[in-house]
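In case you want the letters, here they are:
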Amino acid sequence: MQTYAQSDTSTKLKAKALARSLLAGVTMLTCLSLSAQAATENKTAEVAKRDKLVLAGPSATVSLPLTHMVESGALKDIADNVEFVLWNNPDQLRALTLDKKADFVAMPTNVAANLYNRGVPLQLANVSTWGILWMVSRDPDLKTLADFKGQEIAIPFRADMPDIIFSYLTEKSGLDPHKDFKIRYSATPMDAMQQLVMRQVDHALLAEPAISMALRKTGSFPLSVVAPDLYRSVDLQKEWGRLQETEARIPQAGMVVIGETRLDDALVDRLEKAYAQSSRWCFDNAQACGEIAAKYIPALTSEAISDAVAVIPQHYAVAQDARPELEQFYTLLHSRQPALIGNKLPDDGFYSTATKPAP
């Protein structure tokens, strides 16, 4: 009986020893696997150096980080030559994207969806501009869109994004945008600004940095004689949040990766992170950001850029994180003007996964 107990004890000890050995083996294999995975990831993260990278954007706040990326040499380790190209109209933007003349392009989010749905090889990397629309008025006491009832308002781009957002928000306020306001449509934001500056209208829907340009211009001779006392009035981003009971921000513009560049995950990740860092730098250094950007965007003054940076929302999101709010925005645009986004919501392939959302 004693012998049997001793044998049983011996067997249990051997079983425990085997279990420990197996556990040690599994642990070692896991460590080796993780080491190999880490090595692979490090290798993947290495970006092959290129002769040239082209960054492109409009005369708008979404382009400010791009100018800092070029000026600061943020990408000098992955490209011998980094160039910023300014696009000024839809034709130039189409040429850059269709002919793949740029790698990383700033554009409105609806334009990105439109191009993607029309077969242009691109992916959205981030949304960095979350609201640039304000009412500008001669009356400092107008606080909501409803306060403008019965007034004449200059609005650029009939049936385009600014007009759609204005119409939607006034309807949410219980008003009819076509009966309760006198809308004077203009061909461009600059035309709307000129109508305001020259006293042809008393109110206009404008976007930054054109607003800051208008406020700066009208404070100086001789225009101050013609158009004194303009005020930054209703913040449409705050109206959006108030009327929808959501965040006070609208996903209006971001960065898109074009052509073959979008297939290089390591490069896309590197570009997006550099852009995010430069975006943060611009918010933290508005005056210096204005001085840099004005060298690359002649239509803007450094003071107006600095003013704009000080007032726009500072929210920032990679494409995957921005998707829920983008799809809400796209659904609104589709219900009003489907052609603005290419007649449908973009599918999964539109949203870059090269830069993973933060855990």
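Residues numbered from 1 in each chain as written. Predicted model: local features only at pLDDT ≥ 70, side-chain atom pairs only at ≥ 80, totals over all residues. Heavy atoms only, no water.

Caption draft 1: The arrangement of the sheet that holds strand β1 (residues 50-57) in detail. Read from one edge of the open sheet, six strands run β2-β1-β3-β10-β4-β11, paired in mixed fashion. Only two strands of the sheet have a single partner each, and these edge strands are β2 (79-86) and β11 (317-318). Direction of pairing for strand β3 (residues 104-108) relative to strand β10 (residues 253-258): antiparallel, over a ladder of five bridges. Bridge pairing in β10 places Val 105 opposite Val 256. In this fold helix α3 (residues 90-98) packs onto β1, β2, β3 and β10, with an angle of close to 140 degrees to the strand it touches most, β3. (Pairing = 2+ DSSP bridges. Helix = DSSP H or I, 4+ residues; strand = E, 2+ residues; numbered from the N terminus. Contact = heavy atoms within 4.5 Å. Axes fitted to C-alpha atoms, helices over the stretch in contact; angles between N-to-C directions.)

Caption draft 2: Structural detail: the packing of aromatic side chains. For the structure on display, the rule yields nine aromatic pairs. Following the ring pairs from residue to residue traces out a cluster consisting of Tyr 116, Tyr 330, Phe 350 and Tyr 351. Cation over ring: Arg 232 sits above Trp 134, and NZ or CZ is 5.1 Å from the ring centre. The ring of Trp 130 is capped by Arg 249, whose NZ or CZ atom sits 5.4 Å from the centre of that ring. (Phe/Tyr/Trp six-rings, centres within 6.5 Å; stacked < 30°, edge-to-face > 60°. Lys NZ or Arg CZ within 6 Å of the ring centre and 35° of its normal.)

Caption draft 3: Fine view of the pairing of β1. Where β1 lies against β2, seven bridges are found, and the strand directions are parallel. Residue pairing in the sheet places Lys 52 in a bridge with Asn 81 of β2. Relative to β3, β1 runs parallel, the two being bridged by two bridges. Along β3, the bridge assignment pairs Leu 55 with Phe 104.

Caption draft 4: Spotlight on the pattern of salt bridges. With the rule as written, the count across this model stands at 17 salt bridges. Linking Arg 184 and Glu 152 is a salt bridge whose minimum nitrogen-to-oxygen distance equals 3.2 Å. Here Arg 184 is found in strand β7 (residues 182-186), whereas its partner Glu 152 is found in strand β6 (residues 152-156), with 32 residues between them in sequence. Take Arg 184: its relative accessible area is 28%, and that puts it in the partly exposed class. Residue Asp 284 pairs with Arg 280 through a salt bridge whose shortest N-O separation is 3.3 Å. Of the two residues, Asp 284 and Arg 280 are both situated in helix α10 (residues 265-284); the distance of four residues between them amounts to about one turn of the helix. For Asp 284, a relative accessible area of 52% puts it in the exposed group. By relative accessible area, which is 38% here, Arg 280 ends up partly exposed. Salt bridges sharing common partners tie together Arg 323, Glu 327 and Asp 348. (Salt bridge = Lys/Arg side-chain N within 4 Å of Asp/Glu carboxyl O. Buried < 20%, exposed > 50% of the residue type's maximum accessible area, 1.4 Å probe, protein only.)

Caption draft 5: Spotlight on the environment of Leu 53. Mapping Leu 53 onto the fold places it in strand β1. Between the C-alpha atoms of Leu 53 and Asp 103, which are 50 residues apart in sequence, the distance is 6.4 Å. Ignoring anything within four residues of it in the chain, the contact list for Leu 53 reads Leu 75, Ile 78, Ala 79, Asn 81, Val 82, Glu 83, Asp 103 and Leu 271.

Caption draft 6: Examining the packing of helix α4 (residues 109-117) against helix α13 (residues 319-336) more closely. For the pair α4 and α13, the least separation of the axes is 11 Å and the interaxial angle reads 75 degrees. It follows that α4 is roughly perpendicular to α13 by the angle criterion. Side by side, α4 and α13 meet where Thr 109, Asn 110 and Ala 113 of the first sit next to Leu 326, Phe 329, Tyr 330 and Leu 333 of the second. Classifying every residue of the contact of α4 with α13 by side-chain character gives five nonpolar, two polar and no charged. (Parallel < 35°, antiparallel > 145°, perpendicular 65-115°, else oblique. Nonpolar A, V, L, I, M, F, W, Y, C, P; charged D, E, K, R; others polar.)

Caption draft 7: Region of the structure containing the packing of helix α5 (residues 161-172) against α13. Two elements in contact, α5 and α13, have axes whose closest approach is 11 Å; the angle formed by their N-to-C orientations is 95 degrees. As judged from the angle between their axes, α5 and α13 are roughly perpendicular. Across from Met 161, Ile 164, Ile 165, Ser 167, Tyr 168 and Glu 171 in α5, the residues of α13 making contact are Phe 329, Leu 332, Leu 333 and Arg 336. A per-class count over the contact of α5 with α13 returns seven nonpolar, one polar and two charged.

Caption draft 8: Representation of the nonpolar core in the model. Ranked by internal contacts, the top residues of the largest apolar core, which has 106 residues, are Leu 55, Leu 66, Leu 75, Phe 104, Met 135, Leu 236 and Phe 350. Per element, the largest residue contribution to this core is eight residues, and it comes from α10. (Core = buried A, V, L, I, M, F, W, Y, C linked by side-chain atoms within 4.5 Å.)

Caption draft 9: Representation of the environment of Val 268. With respect to the helices, strands and loops of the structure, Val 268 is situated in helix α10. In the structure, Val 268 is positioned 164 residues away from Phe 104 in sequence and 8.7 Å away in space, judged by C-alpha atoms. Among all residues touching Val 268, those that are not within four sequence positions of it are Val 257, Thr 261, Arg 262, Ser 352, Ala 354 and Thr 355.

Caption draft 10: Representation of α3 in the model. Within α3, burial applies to Leu 93, Leu 96 and Thr 97. Buried positions in α3, seen along its axis, are confined to an arc of 90 degrees and lie on one side of it. At its buried positions, α3 is contacted by β1, β2, β3, α4 and β10. The distance from a side-chain oxygen at the start of α3 to the backbone nitrogen of Asp 91 is 3.1 Å, and the residue carrying that oxygen is Asn 89. Lys 100, located one to two residues past α3, shows a positive phi value of around 55 degrees. (Arc of directions from axis to C-beta. Polar contact = N/O pair within 3.5 Å; in protein donor to acceptor, adjacent residues only side chain to side chain.)

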